[in-house]
Amino acid sequence: MFKHSQSVGAAEKPVDITYYHHPVDSISFSLVAQQHIRAFRALGCKVCPVPLGADMGRQTVPSDSVALVHPLFYAKGWDCLPFNDMMRCLAGKHRAIYGFEVADGPQISAELVEWANHPDLSGIFLPSGASIAAFRDSGVSKELVLVPHGFRRVTPSDRFAYLLRQPEPTVLSFFMSDLYRKGADQLQYFVHRQPAKRFIIKTNQVDYFRNLASLPNVEVVSAWLPPADLASLYCSSDVYLSLHRGGAFELNCLEALLYGTKVVAPEFGAVLDYLDDGNAFLVKVRENSRVSSMLYPHAGSYPDLNIEHGLQQLDHACQRQAGGETTTEFNRAAYEDRYDWCRICSELLGLLEPASS
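Student: Before we move on, could you go through the sheet that holds strand 13 (residues 281-283) and cite the residues and values that matter?
Tutor: Spatially, the six strands line up as an open sheet ordered 10-9-8-11-12-13, and their pairing is parallel. Bordering the open sheet on either side are strand 10 (218-221) and strand 13, each of which pairs with just one other strand. Strand-to-strand twist in this sheet, taken as the mean axis angle between neighbours without regard to direction, amounts to 20°. In the sheet, strand 12 (residues 262-266) pairs with strand 13 via three bridges, with the strands oriented parallel. Paired with A265 across the strands is L282, a residue of strand 13. Packing against the sheet, helix 8 (residues 227-235) makes contact with strand 8 (170-175), strand 9 (198-203) and strand 11 (239-241), and its axis sits at approximately 135° to strand 8. Running at roughly 170° to strand 13, helix 10 (residues 307-318) makes contact with strand 8, strand 9, strand 11, strand 12 and strand 13 of the sheet.

If you want it as structure tokens, here you go:
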């Protein structure tokens, strides 16, 4: 799982960690940080959480602990110390500094490359092979370590069980941010050309989908969902359809896979760390054809989906229990173990231990 120049094994002793996290609890960076902190504590580590921000330098933290900064590039566009000032502050308090980051596209900006190569930084944790390639190809020379997002199964509620009683196949898609990167503009082709399928759009961008929401085969879910309801949404859908052009991990694809929902996704990028032709319906993409400045400081060209192949794969995935159903097979238990939060953090501690000794 972990790919870098050192071997990483399970931790032999607890590590004192100061975990600098995003101050907004509900965004993805914070949700991942919360899982890390919970897992590190379960493994016996002393963890001191500190919100990132302009006041972080005045916080009292354990002396000589290892600093984990998540996200490392929080100083870009947020109320925080300038990056070099933040690093100077942390270097005076901690024996080592590591950062969690992502690359949503095939490159990162020159400014981020300079930050990533900061001399006081011990290494950078990235969630996918695609993110590692983007950092390396952009000129980052620091050690880059693959630390994927994890998965924690919860018992589904019955909130969306009504979808199982619908006669038509149900297709679920998430569009919570970066609509262009998520391929929201491509969804219309699927909705209009597949009227016999019911499309569930989970989004906080309701205005963007107002026209599609007026169609009889579309339902928009905009409410925040607790974990049990989110599990119900996955388990009550026949297919999870991802149309992404880029992304650092695309956690929704992994969650859908592990809840037993068939996955249709582009044959591109971060999802290829855990999706293949044996467990998903992969869709061919076109040659990189567009450049989006909307994703700065992530950069590069992004592929469009091959719509015709996507429609074919969606048809295959939507075949139900009637004869001729197309199925995918994989060892779900092995995947759940591989992406268990405690296992991920236990292996990560194997890297942090030398820095704390």
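This is not the end of the story, as more comes after the structure.
Student: Give a detailed account of the pairing of strand 1 (residues 16-21), specifying residues and quantitative values.
Tutor: Taken across its six residues, strand 1 has five buried, putting it largely inside the fold. As for the winding sense of the linkage, the β-α-β connection from strand 1 through helix 1 (residues 28-42) to strand 2 (residues 46-51) is right-handed. Pairing between strand 1 and strand 3 (residues 66-70): five bridges, direction parallel. The partner of Y20 across the bridge, within strand 3, is V69.

Student: Help me get a handle on the packing of aromatic side chains, residues and values and all.
Tutor: The final tally for this structure, using the stated rule, is 19 aromatic pairs. For the ring pair F73 and F83, a centre distance of 6.1 Å and an interplane angle of 65° mean the geometry is edge-to-face. Placement of F73 in the loop between strand 3 and helix 2 (83-91) and of F83 in helix 2 is noted, with a sequence separation of 10 residues between them. F73 sits in the buried class, given a relative accessible area of 6%. An aromatic cluster is built from F151, F174, Y234, Y240 and Y259, whose rings are joined through pairwise contacts.

Student: Kindly report on empty space enclosed by the protein, identifying the contributing residues and their values.
Tutor: Applying the stated criterion to the full structure yields two cavities of 30 Å³ or more. Volume-wise, the largest cavity comes out at about 90 Å³. Looking at the largest cavity, it is lined by 13 residues, and the ones nearest its centre are H70, F100, E101, V147 and H149. Elements supplying a minimum of two residues to the lining of the largest cavity: helix 1 and strand 6 (123-126). Ranked by residues supplied to the lining of the largest cavity, first place goes to helix 1 with three residues. Around the second largest cavity, the lining residues are S173, F174, F175, K182, Y240, L241, S242, L243, E250 and N252.

Student: Tell me about the sheet that holds strand 7 (residues 144-146), and name the residues and values.
Tutor: Pairing between the strands of a sheet comes from backbone hydrogen bonds, and it takes one of two forms, parallel or antiparallel. Spatially, six strands are ordered 2-1-3-4-6-7 in an open sheet, and the strand pairing comes out parallel. On the outer flanks of this sheet lie strand 2 and strand 7, each paired with one strand and no other. Strand-to-strand twist of the sheet, defined as the mean angle between neighbouring strand axes without regard to direction, takes the value 25°. The strands that helix 2 touches are strand 1, strand 3 and strand 4 (96-100); relative to strand 4, the one it contacts most, it runs at about 135°.

What counts and how
Residues numbered from 1 in each chain as written. Predicted model: local features only at pLDDT ≥ 70, side-chain atom pairs only at ≥ 80, totals over all residues. Heavy atoms only, no water. Pairing = 2+ DSSP bridges. Helix = DSSP H or I, 4+ residues; strand = E, 2+ residues; numbered from the N terminus. Axes fitted to C-alpha atoms, helices over the stretch in contact; angles between N-to-C directions. Contact = heavy atoms within 4.5 Å. Buried < 20%, exposed > 50% of the residue type's maximum accessible area, 1.4 Å probe, protein only. Right-handed = clockwise from strand over helix to strand, strands pointing away. Phe/Tyr/Trp six-rings, centres within 6.5 Å; stacked < 30°, edge-to-face > 60°. 1 Å grid on protein atoms, 1.4 Å probe; cavity = no way out; pocket = protein on both sides within 12 Å on 5 of 7 lines; lining within 4 Å. Points joined across faces, edges and corners; volume = space filled by probe spheres on them.

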